[in-house]
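A structural walkthrough
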Amino acid sequence: MSNQFQLMREKRFRPFFFTQFLGAFNDNVFKTTLITLVAFHTAKLTTLDGSTLATLLPGLFILPFFLFSATAGQLADKFEKSQIIRLVKVFEIGIMLFASAGFFLHNIWLLAAALFMMGMHSTLFGPVKYAYLPQHLKESEIVGGNGMVEMGSFVAILLGQVLGAWLAMQSEHALLTSSTVLVIAVLGYWTSCGVPNSPAVAPKLKINWNPITETYRNIKFIWQHQAIWLTIIAISWFWFYGATLLAQFPNFAKNILHGDESLFILLLSIFSLGIGIGSLMCEKLSKGKVELGLVLFGATGLTLFGADLYFASTSIYESLNNKALLDYAAFIGMHYDAEGHLIFTYWRLLADIALIGVFGGLYIVPLYAFIQTRSEKSHQSRVIAANNILNALFMVISALFSVQVFNMGLNIPQLFLVTALLNVIIMIYLCIRQPIYLRSFIAWLKPKP
């Protein structure tokens, strides 16, 4: 059995793993339920336009990352981390009580406030989440530990979105959703009680409560460490790429693939499971060390299968023109052309999405491991906080980029192609600025004696 699965037997890892898993799970149960209610039952919640709300609400969740990440990074460096984790979990229980009131009263403003506070919850937890691992794992376990955490996060996101969509469609959604999110929050606090002590790395740090000046100081600090800066840019690019795809999956399933909601869930499931598989593969492929060669390997897959997704989806769109909506079972079933030949394009498209996920996992895990092992211990959480700020910024830019691409007259498959090709430019830039990525990739490809 590999080290990453053995970690689940260890008290230094298992409670932390389930705490972060349940946090991501609850985030997505609540967010998805709310957004689904806004999409299908807007009139019960507000007189505002449903499509406008569906666009604004995700932004409300991201906003705290800009406002509070700098402060969260300082707190995680100054104070003992397991105590912070437990306080954050208590905060989550309070948020879910607040959200429950919003569901029962059908009050969109209470629900929007709860969504903003869940963004705060994730903002506070983020720096602790990634700074905790290097304190409790050996360097040979860092890649495997990160792989487990990334796998757990994406599986939690997937399960949370599926459960959230199902809850929103129930007649007693207020009671069911409130009970569910409260139970998950309480379970998260219970698992956090087992997280071991994690001593403060900078107990004498004086907190700067001004988010603007502290954010500037964080960005300035990582800019002075170019290897860390470029790693964070590479991580942020992954979130740009992923956000671009995931934001379009609902309309991609409906308008391009002529599918219903079940097909959207299938695409999301395949992508999330792909990320999980790729994350778990990192330890074996890197032999337990931080292997930057995997970054270019992962990026290659993101471009190849992102480009093929364009060709496969275009082919399907042309063949399905004006046909009735397909559910997931009809989509993955047998399809034949006019001559009776079996068409593999549908399975090829699903394979593309799965492999984008797999190579995304291979790409992202070594980058997080690099930050954790190369950052100064006294600034580790603040570096993660700066990373979270830039991740959020890149996701916002992703939305603006997609709007601009559509304004130019391109469609969703063409957006996927443009993003895949842009990935090549980003990787060339990364290799020019930090040649170690290319050298590591070449060395990793060479057969070992």
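Residues numbered from 1 in each chain as written. Predicted model: local features only at pLDDT ≥ 70, side-chain atom pairs only at ≥ 80, totals over all residues. Heavy atoms only, no water.

Quick word on the nonpolar core
Soluble globular proteins tend to bury their nonpolar side chains together. Ranked by size, the top nonpolar core spans 88 residues in total, and within it Phe13, Phe252, Leu267, Leu349 and Tyr363 carry the most contacts. If we skip the residues at most four places from it in the chain, Phe252 touches Leu257, Leu267, Leu309, Ser313, Leu349, Ile412, Pro413 and Phe416. Core analysis: the second largest hydrophobic core is formed by 31 residues, Leu22, Met96, Ala99 and Phe103 among them. (Core = buried A, V, L, I, M, F, W, Y, C linked by side-chain atoms within 4.5 Å. Buried < 20%, exposed > 50% of the residue type's maximum accessible area, 1.4 Å probe, protein only. Contact = heavy atoms within 4.5 Å.)

Remarks on the packing of helix 11 (residues 261–286) against helix 14 (residues 345–374)
Geometry of a packed helix pair, given as the angle between the helix axes and the separation of the axes. Viewed as axis vectors pointing N to C, helix 11 and helix 14 meet at an angle of 40°, and their least axial separation amounts to 6 Å. As far as their axial angle goes, helix 14 and helix 11 are oblique. In the crossing of helix 11 with helix 14, the sense of the turn from one axis to the other is right-handed. The residues of helix 14 that touch helix 11, namely those facing Leu266, Leu267, Ile270, Phe271, Gly274, Ile275, Ile277, Gly278, Ser279, Met281, Cys282 and Leu285, are Leu349, Leu350, Ile353, Ala354, Ile356, Gly357, Val358, Gly360, Gly361, Leu362, Val365 and Pro366. (Axes fitted to C-alpha atoms, helices over the stretch in contact; angles between N-to-C directions. Helix = DSSP H or I, 4+ residues; strand = E, 2+ residues; numbered from the N terminus. Parallel < 35°, antiparallel > 145°, perpendicular 65-115°, else oblique. Left-handed = near helix turned anticlockwise from the far one by under 90°.)

Focus: helix 14
The periodicity of an α-helix, 3.6 residues per turn, causes residues three or four positions apart to be oriented the same way. Taking 1.5 Å as the rise per residue, helix 14 with 30 residues should run 44 Å; its terminal C-alpha atoms sit 44 Å apart, in good agreement. Counting buried residues along helix 14, 24 of its 30 residues qualify, which places the element largely inside the surrounding structure. (Expected span 1.5 Å × (residues − 1).)

Quick word on the pattern of salt bridges
Scanning all chains against the criterion turns up six salt bridges. Glu92 serves as the salt-bridge partner of Lys89, at 2.7 Å between the closest nitrogen and oxygen. Here Lys89 pairs with Glu92, and both are found in helix 5 (residues 81–105), just three residues apart, close to one helical turn. Of the two residues, Lys89 and Glu92, both sit in the buried class. Members of the salt-bridge network, linked through shared partners, are Glu10, Arg12 and Glu141. (Salt bridge = Lys/Arg side-chain N within 4 Å of Asp/Glu carboxyl O.)

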